[in-house]
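A closer look at the structure
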Amino acid sequence: MGSPSAFLRTLIVAALAAVLAFAPAHAQQVVTITTTVTWTYADEGDDEGPEYIDEEAALLGDEALTDDADFAATRRYAPAGTLATLGHAKARFGPFAVIDGSTARMAGDVTSASPRQFAAMLAAFPGLRRLEMVDCPGSLDEEANLILARAIRRQGMETVVPAGGSIRSGAVELWLAGTVRRAAPDAEFGVHSWADEYGREANDYPANDPVHAEYLGYYREMGMDAAKAREFYALTNATPFDEVRYLTRGDMARFVALD
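What counts and how
Residues numbered from 1 in each chain as written. Predicted model: local features only at pLDDT ≥ 70, side-chain atom pairs only at ≥ 80, totals over all residues. Heavy atoms only, no water. Axes fitted to C-alpha atoms, helices over the stretch in contact; angles between N-to-C directions. Helix = DSSP H or I, 4+ residues; strand = E, 2+ residues; numbered from the N terminus. Parallel < 35°, antiparallel > 145°, perpendicular 65-115°, else oblique. Left-handed = near helix turned anticlockwise from the far one by under 90°. Contact = heavy atoms within 4.5 Å. Nonpolar A, V, L, I, M, F, W, Y, C, P; charged D, E, K, R; others polar. Buried < 20%, exposed > 50% of the residue type's maximum accessible area, 1.4 Å probe, protein only. Pairing = 2+ DSSP bridges. Polar contact = N/O pair within 3.5 Å; in protein donor to acceptor, adjacent residues only side chain to side chain.

**A few points about the packing of helix α3 (residues 142–154) against helix α5 (residues 210–221)**
As a packed pair, α3 and α5 sit with axes 12 Å apart at the nearest point and diverge in direction by 15 degrees. Here α5 runs roughly parallel to α3, going by the angle between their axes. The crossing of α3 and α5 is left-handed. From α3, Glu142, Leu146, Ala149, Arg150 and Arg153 reach across to α5, where they touch Glu214, Tyr215, Tyr218 and Glu221. By residue class, the composition of the contact of α3 with α5 is four nonpolar, no polar and five charged.

**Describing the pairing of strand β9 (residues 180–183)**
Going residue by residue along β9, you find Arg181 and Ala183 tucked away on one face and Val180 and Arg182 left uncovered on the opposite face. Inspection of the sheet shows strand β7 (residues 158–161) paired to β9 by four bridges, in the parallel sense. Its bridge partner being in β9, Val160 is matched across the sheet by Arg182.

**Considering the environment of Pro185**
Here Pro185 shows up in the loop between β9 and β10 (188–191). By relative accessible area, which is 78% here, Pro185 ends up exposed. In the structure, Pro185 is positioned 23 residues away from Pro162 in sequence and 8.7 Å away in space, judged by C-alpha atoms.

**Some details on the side chain of His212**
Among the secondary structure elements, His212 is positioned in helix α5. A distance of 3.0 Å separates a polar atom in the side chain of His212 from the backbone oxygen of Pro206. Apart from residues lying up to four places away in sequence, His212 is in contact with Trp194, Ala202, Tyr205, Pro206, Ala207 and Tyr233.

Below is the structure:
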């Protein structure tokens, strides 16, 4: 008579044999399901591909243009009740619409994707020299906003706020980037303080904090002298983040040259 342990091993072997008898059919079913899911997932990824077309198209020298960049330290945004539409266009790239070989219009927010969309637009239409800013609430990613502003300056574009146009918050920085700046008599410029992701505003930071130097340096880069840069920065930060102060064409002419 065998030992209990030997008898137990015999039962285990018998049970495994019974399971293996059905294994081929079951394995085939699993393989089929796995293959289907895998290829469906790949196809969906391919459908999203055009969002990244031309990402090699160059904002040369902008090392901050990376997929894994941290969320911007500061944000500037003044939402619109009704955002203007851009009308007929030859092509669209995010908030940009190409009207003809030399003119693009802009309406909408600046997001982390906007610098790439702008680069793709220039790759397709390298002759663009005029950016009409129709209705621009501001930036959801201030790092991307400053990258885009410097790309506008490198392209040598003129920035225009047309009749009835409104630019607010971070979009004002974009307008300042124009090598030539224009604005209709009724153009409006909305400004307010920036706020970080914790809700702290510009005036919550010490006067010597490096975050202020970033903005002051940008204004100097775009043509303001040191005194005007400080004055304009103080003006924007005098209005809380959740409010907007509207300036006129004449107000902006105090700080930068307009044509």
